[in-house]
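Here is how the chains run, residue by residue.
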Amino acid sequence: MSATKPLSASKQALVAKPGTTGIDPRGPRFSAGITAVLLLVVIALALASSAVPAATVGERAGQPAFILFAIITALFAFGAFAGVSRHPYGWLFRALVRPRLGAPTHLEDPKPPTFSQGVGLVVTLVGVVLHLAGVPFGLVIFAAAAFIAAFLNSVFDYCFGCQLYLLLVRVGLTGPKADPRA
């Protein structure tokens with residue numbers, strides 16, 4: 001029987017509170033892995049098509065890199081507004097991957113990963129707008145920023161958006177308000 005290593009302080013802050021519904025923390029990592037691969041494809045397609053810049057908004061909107069990036073942006077929107085539990089990648093994880101794994105060592109609060117989807121939405125939405133406005137490499141730069149965050153989550157289990165959520169909770173800008181009696 002192998003002992004599980006203790007959670008870091010930042011991971012302990014993400015653990016679902018007793019009596020609340022938590023999610024398997026491996027699900028968001030699985031989703032981040034898919035997202036990272038798709039973002040690499042976007043970056044490659046965008047760099048390949050950057051030799052001949054598109055002149056009109058219609059031409060820019062018809063580029064394969066933009067179409068895939070817009071789909072990724074829509075998936076971030078879905079995750080941010082519907083929650084990670086309803087996200088298509090979450091469904092794939094629960095249906096195909098989770099049954100083949102052992103039980104997780106802990107469950108995570110779904111609020112930080114859902115907030116992280118919102119951060120991904122903002123980052124990719126800026127890339128979409130810049131690309132449509134004709135800003136050179138706007139799509140590539142913001143796809144690369146989103147890739148870095150997805151890569152860190154999928155490979156190193158470091159969720160940038162989750163950490164940002166925890167920081168905003170600590171300063172009282174979002175999340176559960178501190179009990180004034182404490």
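Residues numbered from 1 in each chain as written. Predicted model: local features only at pLDDT ≥ 70, side-chain atom pairs only at ≥ 80, totals over all residues. Heavy atoms only, no water.

**Student:** Got a minute to help me understand the environment of Arg-98 in this structure?
**Tutor:** Mapping Arg-98 onto the fold places it in the loop between helix 5 (88–97) and helix 6 (111–132). Looking at Arg-98, the relative accessible area reads 25%, which means it is partly exposed. For the pair Arg-98 and Gly-83, spaced 15 residues apart in sequence, the C-alpha separation works out to 18 Å. With residues up to four places along the chain from it excluded, the contact list for Arg-98 reads Asp-24, Arg-26, Phe-93, Ala-103 and Pro-104. One polar contact links Arg-98 to Asp-24, side chain to side chain, over a distance of 3.1 Å. (Helix = DSSP H or I, 4+ residues; strand = E, 2+ residues; numbered from the N terminus. Buried < 20%, exposed > 50% of the residue type's maximum accessible area, 1.4 Å probe, protein only. Contact = heavy atoms within 4.5 Å. Polar contact = N/O pair within 3.5 Å; in protein donor to acceptor, adjacent residues only side chain to side chain.)

**Student:** What is the right way to look at helix 8 (residues 160–170) in this model?
**Tutor:** At 3.6 residues per turn, the α-helix brings residues three or four places apart onto the same side. Along helix 8, the residues classified as buried are Gly-161, Cys-162, Gln-163, Tyr-165 and Leu-166. Two residues or fewer past helix 8, Gly-172 is found with a positive phi of approximately 85 degrees.

**Student:** Please clarify how the nonpolar core should be interpreted in this entry.
**Tutor:** Inside soluble globular proteins, nonpolar side chains tend to come together where they are buried. Counting 20 residues, the largest nonpolar core has Leu-39, Val-42, Phe-69, Ile-72, Leu-139 and Ala-143 as the members making the most contacts within it. Mapped onto this core, the elements with two or more residues apiece are helix 2 (26–49), helix 4 (64–82), helix 6 and helix 7 (138–156). Broken down by element, the residue count for this core peaks at seven residues, all from helix 4. Beyond its immediate stretch of four places on either side in the chain, Val-42 contacts Ala-65, Leu-68, Phe-69, Ile-72, Leu-139 and Ala-143. Within the second largest apolar cluster, five residues are counted, among which are Leu-14, Cys-159, Tyr-165 and Leu-166. (Core = buried A, V, L, I, M, F, W, Y, C linked by side-chain atoms within 4.5 Å.)

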